[in-house]
Amino acid sequence: MHMRHLSLIIVINILGVLFSCKDPILPKLIQEAYEKLPEKVDFNQHIKPILSDKCFICHGPDKSKVKAALQLHLPELAFAELKSTPGKFAIKPGNLHQSQLVHRILSDDPDVVMPEPESHLKLSAHEKAILIKWIDQGAVYKDHWAFIAPQEPQIPIVKLKEKVANPIDNFILARLETENLQPNPKADKEILLRRLSFDLTGLPPSPEEIESFTNDTLAKAYEKQVDRLRDFRHVEVDKNLSLKLNCFV
Ligand code: HEC
């Protein structure tokens, strides 16, 4: 009994190694695309656009157009036993080998490959790779982002602590570290004011404004400029609004 159990585990493990995504047996182009993928695949950001462009016309929410009685827009439908192919599954979360979707998108056989060649839709190597990674990571479906309550993310720890002025910097620095890049030195005051001015008003700063900012050596000099430009914007908006309102009186 024990031996049978053990050999089953060994067989499953061998299958796992053959078809595990740390080292998946994928065609070269897809393998290359796979290596460039983000660490965590997200349904809304990466997967839904592909399914909706390349699969939903035949496997989406519109029941009258559904082919092979397969719908992929909801997890309970995509994970259910296939109606046209009993005993098999379009998506088995975490199991590439048992996911017909994976076999279908990797196939070279025109009678098997998805999307159907007659549809003139095609998946790129990147799209195939990301669908595969998503299934390998558990094929997590997510609600539309607008229905997901925002959650405070974990703030990454970074080496260049002295460059952190607020927690947003941690995210930027962490990404630079993974890309082996160094942050640029802080820009000159003139450039900072120019950027801020364009961001908040759409206009460049005047020479007098630049001079007053460069001469302002107080710690909160930049914040003062933010307040000034924000107020300027309100004044402009108010002016426009009252102009418009005046037209109606
Ligand atoms: C233009 C229509 C069309 C598009 C687009 C399309 N399919 Fe299909 N699909 C079919 C038809 C028709 C079948 C049934 C015939 C067959 O099994 O080949 C099918 C079958 C399947 C099956 C097997 C179902 C079973 O019961 O065995 C899977 C899995 C599948 N499609 C996945 C996809 C995926 C993933 C996409 C997008 C990347 C896609 N299809 C795009 C028409 C389409």
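All values reported here derive from a predicted model rather than from experimental measurement.

Draft legend 1. Quick look at the overall build of the protein. Per the secondary structure count, the protein includes 11 helices and 0 strands. N-terminal to C-terminal, the α/β element order of the protein is α-α-α-α-α-α-α-α-α-α-α.

Draft legend 2. Inspection of the nonpolar core at higher detail. Judged by nonpolar contacts, the single largest core of 24 residues is most densely connected at Leu131, Trp134 and Ile135. Contributing elements (two or more residues each) for this core: α2 (28–35), α6 (100–106) and α7 (125–136). Considering every element that reaches this core, the biggest residue donor is α7, with 6 residues. Not counting the four nearest positions on each side in its chain, Trp134 is found in contact with Val41, His46, Ile47 and Ala139.

Draft legend 3. Spatial organisation of α7. When the terminal C-alpha atoms of α7 are compared, their 16 Å separation across 12 residues agrees well with the 16 Å that a helix rising 1.5 Å per residue should span. With 10 of 12 residues buried, α7 lies mostly within the body of the structure. What α7 keeps buried is the set Glu127, Lys128, Ala129, Ile130, Leu131, Ile132, Lys133, Trp134, Ile135 and Asp136. Of the surrounding secondary structure, the elements contacted by the buried residues of α7 are α2, α3 (43–54) and α6.

Draft legend 4. Quick look at the confidence of the model for the protein. With 86% of its residues at a pLDDT of 70 or more, the protein shows a mean pLDDT of 88. Every residue in residues 6–18 is under pLDDT 50, and counting partners more than four places away or in other chains gives 2 contacts.

Draft legend 5. Here's a closer look at unusual backbone geometry. The peptide bond linking Met114 to Pro115 adopts the cis configuration, its omega dihedral lying at -5°. Along the chain, Pro115 falls in the loop between α6 and α7. For Ala68, which is not a glycine, the phi torsion comes out positive at approximately 55°. We classify Ala68 as partly exposed; it has 13 C-beta atoms within 10 Å. You will see that Ala139, though not glycine, has its phi angle at about 45°, which is positive. By the secondary structure assignment, Ala139 is in the loop between α7 and α8 (167–178). Its 22 C-beta neighbours within 10 Å are what place Ala139 among the buried residues.

Draft legend 6. Examining the environment of Asp53 more closely. Tracing the backbone shows Asp53 in helix α3. Spatially, the C-alpha atoms of Asp53 and Leu123 are 9.8 Å apart, while their sequence positions differ by 70 residues.

Analysis parameters
- Residues numbered from 1 in each chain as written.
- Predicted model: local features only at pLDDT ≥ 70, side-chain atom pairs only at ≥ 80, totals over all residues.
- Helix = DSSP H or I, 4+ residues; strand = E, 2+ residues; numbered from the N terminus.
- Core = buried A, V, L, I, M, F, W, Y, C linked by C-beta atoms within 7 Å.
- Buried ≥ 20, exposed ≤ 12 C-beta atoms within 10 Å, placed from the backbone.
- Contact = placed C-beta atoms within 7 Å.
- Expected span 1.5 Å × (residues − 1).
- pLDDT = per-residue confidence, 0-100.

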